[in-house]
Amino acid sequence: MRSIGGVPIAALTLVALLPLACADEVEPDAEAMSSDGGEMQARLDQFAPVTLGFDESLLDADQRRVVKELVEASRHLDDIFRLQAWGGNADAEALLPTGDDSESAATREYYRIMYGPWDRLTGEEPFIEGAGHKPHGAGFYPDDMTREEFEEWIAANPGDEEAFKSETTLIQRTGDGGLVAVPYREAYTGHLEAASENLLAAAERANNPSLKRFLELRAGALLSDDFYDSEVAWMRLSDNLIEPTLGPYENYEDQLFGYKISYESFIGLKDPVESERLASLVENLPALEAALPIPDEHKYLDRSFESPISVVTLIYAGGETAAGIQTIAFNLPNDPRVREGEGSKKVMLRNVIDAKFETNLKPIAEQVLVPEQSAKISVDPYFTRVLMHELAHGLGPDYVTGQPDLTTRQALKDRYAAMEEAKADAVGTNSLRILTRSGVYDEAFLEEVYIDHVADMFRCVRFGITEAHGLGCLTQFNFLRDRGAITYDESTGLFAADLEVIPVAIAEMAHVYLMMQATGDYDGAGAFIEEYGTISPEMQGALDRLAETVPVDIRPSYAVEELMADW
Ligand code: ZN
């Protein structure tokens with residue numbers, strides 16, 4: 001799972017650990033919300049351009065070659081994701097305007113960052129004429145296949161169930177009107193073979209044994225669709241400067257069933273000192289699992305809490321994570337077999353977090369919160385909350401209680417992703433309250449966390465509520481509003497966290513999401529989304545104000561692409 005919220009690091013102990021944005025790593029490219037163009041330029045201006053750089057001197061000649069191969073492998077995975085997002089992207093050239101006017105150029109750029117002709121912020125209407133309605137199953141299923149057709153096929157052909165529900169198959173039509181499951185390794189052979197060769201070439205240059213092993217195993221996994229061993233090797237990376245994460249991971253793009261996972265890549269440079277210090281937070285995880293606001297029978301007290309944290313500078317990203325809203329942190333692997341044995345690893349993308357805080361969260365807080373509260377917004381509570389969100393993905397039920405073969409992901413299907421994101425937010429903030437009680441943070445810091453949580457929901461809802469994080473945030477906001485934990489002043493249009501009420505309301509909310517998972521309550525999740533998943537007029541008013549003044553997200557370019565030409 002990943003997080004697309006915002007930034008910085010934490011309290012007392014943590015504050016001092018991470019320097020605020022290094023100027024050479026985050027470079028906002030001036031020009032954010034210029035509105036001198038047409039409709040497509042206005043859409044593009046919702047994304048503030050930033051260049052993500054890094055300190056080239058950290059890399060020796062071999063390491064530069066490793067990075068170069070990894071970037072090239074990432075480009076192949078990026079090509080695959082473009083096809084996973086929509087099969088029609090194979091013929092995109094035919095759809096795109098070719099003119100050299102600024103609107104045509106903006107359309108081509110918007111298509112590039114949306115990975116298709118649909119605006120990921122607004123849902124299903126194409127911004128390019130003739131593209132039609134967005135298929136919920138993205139490029140994983142035939143565009144015109146319905147859920148019913150898929151389910152009827154499995155009912156009639158039970159032997160196909162495993163392959164059809166596999167994370168790593170495409171469903172295609174056969175010539176005679178039937179359906180067939182095609183493994184990724186066959187569907188994307190050309191790109192996967194090329195990426196695999198890049199990884200082997202990188203492995204040859206890698207001087208860190210754990211990195212070499214991961215790259216070799218992952219090169220094979222791309223060709224076999226069997227990722228288990230390489231996921232374990234990824235968990236066991238140690239003393240590595242280069243932190244590569246690449247393969248098929250998240251199921252967000254499959255909005256038909258949530259079965260299929262998408263290729264993506266993150267190439268980072270690790271900061272070993274910061275990562276080590278942050279890892280001390282992990283010591284608190286068993287206590288936080290024990291303190292979850294649910295009955296003990298649903299807790300996993302004997303699970304592995306070996307949970308490494310990497311803080312990295314992102315130097316390149318591609319595939320699903322690069323589409324639309326940018327990731328700031330992630331928690332992988334998703335495979336419960338690996339998580340049980342090895343735990344999971346959090347990777348925090350420090351320079352992305354810094355960039356988002358400056359371009360998004362801070363200006364949003366100034367527009368939607370009462371001044372006494374927006375004045376308290378700072379990067380430290382933000383970064384800490386992001387960190388706890390990632391840790392919270394590793395807390396709570398992985399399986400439906402009493403059904404050891406049924407994961408919560410399988411039980412909640414298409415509703416899982418949004419509810420898991422919301423759970424991670426609610427459990428994350430509630431965990432910071434618990435840590436405050438035990439003296440890790442102080443009350444003033446905790447207040448800032450609550451204020452940050454409220455401001456952050458506006459940013460997150462702006463990502464679009466057809467997306468898991470956006471919908472997850474909207475249900476939280478409406479729940480907290482309903483409980484009186486967020487107040488609204490009609491005369492100013494400003495919101496505030498009620499600091500008396502919000503601690504209790506967030507604990508209650510964490511309980512709701514956790515129990516949904518513990519009981520595998522698909523219908524309950526649907527009813528909850530129905531009740532809390534609508535944008536209210538007061539929130540819409542705030543969103544309209546933000547639309548005019550604050551970019552929704554960043555649009556990164558990567559300095560490595562130019563630098564590596566000389567490597
Ligand atoms: Zn998340």
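Let me sum up the structure you'll find in this document. This structure is a prediction, so every number in the text was calculated from the model and none was measured.

## Topic: the overall build of the protein
In terms of helices and strands, the protein carries 25 helices and 13 strands. At 22 Å, the protein has a C-alpha radius of gyration in line with the 24 Å of a compact globule built from 567 residues. Along the three orthogonal principal directions, the C-alpha set of the protein runs to about 60 × 55 × 50 Å. The buried share of the protein, reckoned over its 567 residues, is 60%. Considering only intrachain contacts with a sequence separation of at least 6, the fraction spanning at least 24 residues in the protein is 76%. Accessible area for the protein stands at about 21,200 Å²; split by element, carbon and sulfur atoms hold 49% of it. Taking the average location of the 46 positive side-chain charges in the protein and that of its 101 negative ones, the two points are 3 Å from each other.

## Considerations on the state of the cysteines
According to the stated counting rule, one finds 1 disulfide in the structure shown. Each disulfide pairs two cysteine sulfurs, and for cysteine 460 the partner residue is cysteine 473, the sulfurs being separated by 2.2 Å. Negative torsions about the S-S bond denote left-handed disulfides, and the value of about 90 degrees found for cysteine 460 with cysteine 473 makes this one right-handed. With cysteine 460 in helix α20 (residues 443–461) and cysteine 473 in helix α21 (residues 468–482), this residue pair connects regions lying 13 residues apart in the sequence. Judged on exposure class, the residue cysteine 460 and its partner cysteine 473 are both buried.

## Some details on helix α24 (residues 537–549)
Here α24 spans 19 Å end to end across 13 residues, near enough to the 18 Å set by a 1.5 Å rise per residue. When we look at burial in α24, the residues that qualify are Met539, Ala542, Leu543 and Leu546. Down the axis of α24, the smallest arc covering the buried residues is 100 degrees, so these residues share one side. In α24, the exposed positions that point more than 90 degrees away from the buried face belong to Pro537 and Glu548. For α24, the elements touching its buried residues are α15 (350–368), α20, α21 and β12 (494–497).

## Quick word on the packing of helix α10 (residues 209–224) against helix α11 (residues 228–235)
Put simply, α10 and α11 touch, their axes get as near as 8 Å, and they point 155 degrees apart. In this view, α10 runs roughly antiparallel relative to α11, as classed from their interaxial angle. The crossing of α10 and α11 is left-handed. Across from Arg213, Phe214, Leu217, Arg218 and Ala221 in α10, the residues of α11 making contact are Asp229, Ser230, Glu231, Ala233 and Trp234.

## Description of the pattern of salt bridges
Tallying each qualifying case throughout the model produces 33 salt bridges. As a salt-bridge pair, glutamate 69 and arginine 65 come within 3.4 Å of each other at their nearest N and O atoms. Residue glutamate 69 and its partner arginine 65 are both found in helix α3 (residues 61–85); the two are separated by 4 residues, about one turn of the helix. The class of glutamate 69 is buried, set by a relative accessible area of 11%.

Here is what the cut-offs are and how they apply
- Residues numbered from 1 in each chain as written.
- Predicted model: local features only at pLDDT ≥ 70, side-chain atom pairs only at ≥ 80, totals over all residues.
- Heavy atoms only, no water.
- Helix = DSSP H or I, 4+ residues; strand = E, 2+ residues; numbered from the N terminus.
- Rg over C-alpha atoms; globule rule 2.2 N^0.38 Å.
- Buried < 20%, exposed > 50% of the residue type's maximum accessible area, 1.4 Å probe, protein only.
- Contact = heavy atoms within 4.5 Å.
- Areas by Shrake-Rupley, 256 points an atom, 1.4 Å probe, with all protein chains shown as cover.
- Lys, Arg positive; Asp, Glu negative; His and termini not counted.
- Charge placed at Lys NZ, Arg CZ, Asp CG, Glu CD.
- Disulfide = S-S within 2.5 Å.
- Expected span 1.5 Å × (residues − 1).
- Arc of directions from axis to C-beta.
- Axes fitted to C-alpha atoms, helices over the stretch in contact; angles between N-to-C directions.
- Parallel < 35°, antiparallel > 145°, perpendicular 65-115°, else oblique.
- Left-handed = near helix turned anticlockwise from the far one by under 90°.
- Salt bridge = Lys/Arg side-chain N within 4 Å of Asp/Glu carboxyl O.

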